[in-house]
Amino acid sequence: ATVDQLALDLVNVVGDVVIASGAIAYSGPFTPVYRTQLNTEWMARLKADNVPHSEISNLIKTLQDPVKVRAWTIAGLPTDSVSVENGIIVSKA
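The model shown is predicted, which means the values in this text are computed figures rather than measured ones.

Rules used throughout
Residues numbered from 1 in each chain as written. Predicted model: local features only at pLDDT ≥ 70, side-chain atom pairs only at ≥ 80, totals over all residues. Heavy atoms only, no water. Helix = DSSP H or I, 4+ residues; strand = E, 2+ residues; numbered from the N terminus. Buried < 20%, exposed > 50% of the residue type's maximum accessible area, 1.4 Å probe, protein only. Lys, Arg positive; Asp, Glu negative; His and termini not counted. Salt bridge = Lys/Arg side-chain N within 4 Å of Asp/Glu carboxyl O. Contact = heavy atoms within 4.5 Å. Polar contact = N/O pair within 3.5 Å; in protein donor to acceptor, adjacent residues only side chain to side chain. Expected span 1.5 Å × (residues − 1). Core = buried A, V, L, I, M, F, W, Y, C linked by side-chain atoms within 4.5 Å.

**Q** Before we go on, may I ask you to explain the side chain of aspartate 16 in this structure?
**A** By secondary structure assignment, the location of aspartate 16 is in helix 1 (residues 3-27). In this structure, aspartate 16 is buried with no salt-bridge partner, the nearest side chain bearing the opposite charge being lysine 61 at 4.6 Å. With near-sequence residues (within four places) excluded, aspartate 16 lies in contact with His53, Ser54, Ser57 and Thr62.

Pasting the structure below:
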C-alpha cells in the first residue's frame, strides 16, 4: 500500500469498522442476499450522516487476514464470500 492509500484508509477507518462490527454483531444468521441488503443500508446511513468510509466497505475488506483465510481454505473451508465472512465472524466474535 502506498502512503496515500494508507492516509485514505486512516480517514475511512471509523466508517469501515462500523460496517464490520455491524456485520459481526448482526448479520451472521442471515442469508447472503439479506447480508448484502444490510451492508447497503448501513453504507447509505454512513453517507447520510457524513461518516467517512471506503467506497466499498464490507466485513472481508476490513477484517480479512489473508494468511488465516488461506489456512481455512487448506483445511477445507470453501472460498466463497459467505464462508469467508462466517469464518471471520466466528474468529472475531
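Next comes the rest of the description.
**Q** Mind showing me how you'd approach the environment of lysine 61 here?
**A** As for its position among the elements, lysine 61 is in helix 3 (residues 59-63). Here the alpha-carbon distance between lysine 61 and alanine 20, two residues 41 residues apart in the chain, equals 8.8 Å. Excluding residues within four positions of it along the chain, lysine 61 makes contact with Ser54 and Ile56. A distance of 3.4 Å separates a polar atom in the side chain of lysine 61 from a polar atom in the side chain of serine 54.

**Q** Just to check I follow, could you spell out helix 5 (residues 81-92) for this structure?
**A** Since the α-helix advances by 3.6 residues per turn, residues separated by three or four positions end up pointing in the same direction. Compared with an ideal rise of 1.5 Å per residue, which puts twelve residues at 16 Å, helix 5 spans 16 Å between its outermost C-alpha atoms and is within 8% of the ideal. Taken together, the buried residues of helix 5 touch helix 1, helix 2 (32-48), helix 3 and helix 4 (66-74).

**Q** Just checking my understanding: could you explain unusual backbone geometry for this structure?
**A** For residues besides glycine, phi is generally negative; the peptide bonds are generally trans as well. Its identity as a non-glycine residue notwithstanding, asparagine 50 has a phi of 55 degrees, on the positive side. Inspection of the secondary structure assignment puts asparagine 50 in the loop between helix 2 and helix 3.

**Q** I would appreciate a short explanation of the nonpolar core in the present structure.
**A** Across soluble globular proteins, you tend to see nonpolar side chains buried next to one another. Counting residues in hydrophobic clusters, the biggest one holds eight residues: Ala20, Ala23, Leu59, Ile60, Val69, Val84, Ile88 and Ile89. Contributions of two or more residues to this core are made by helix 1, helix 3 and helix 5. Take this core: its biggest share by element is three residues, from helix 5. Look past the residues within four positions of valine 84 in its chain and what remains in contact with it is Ile60, Gln64, Val69, Trp72, Leu77, Pro78 and Thr79.

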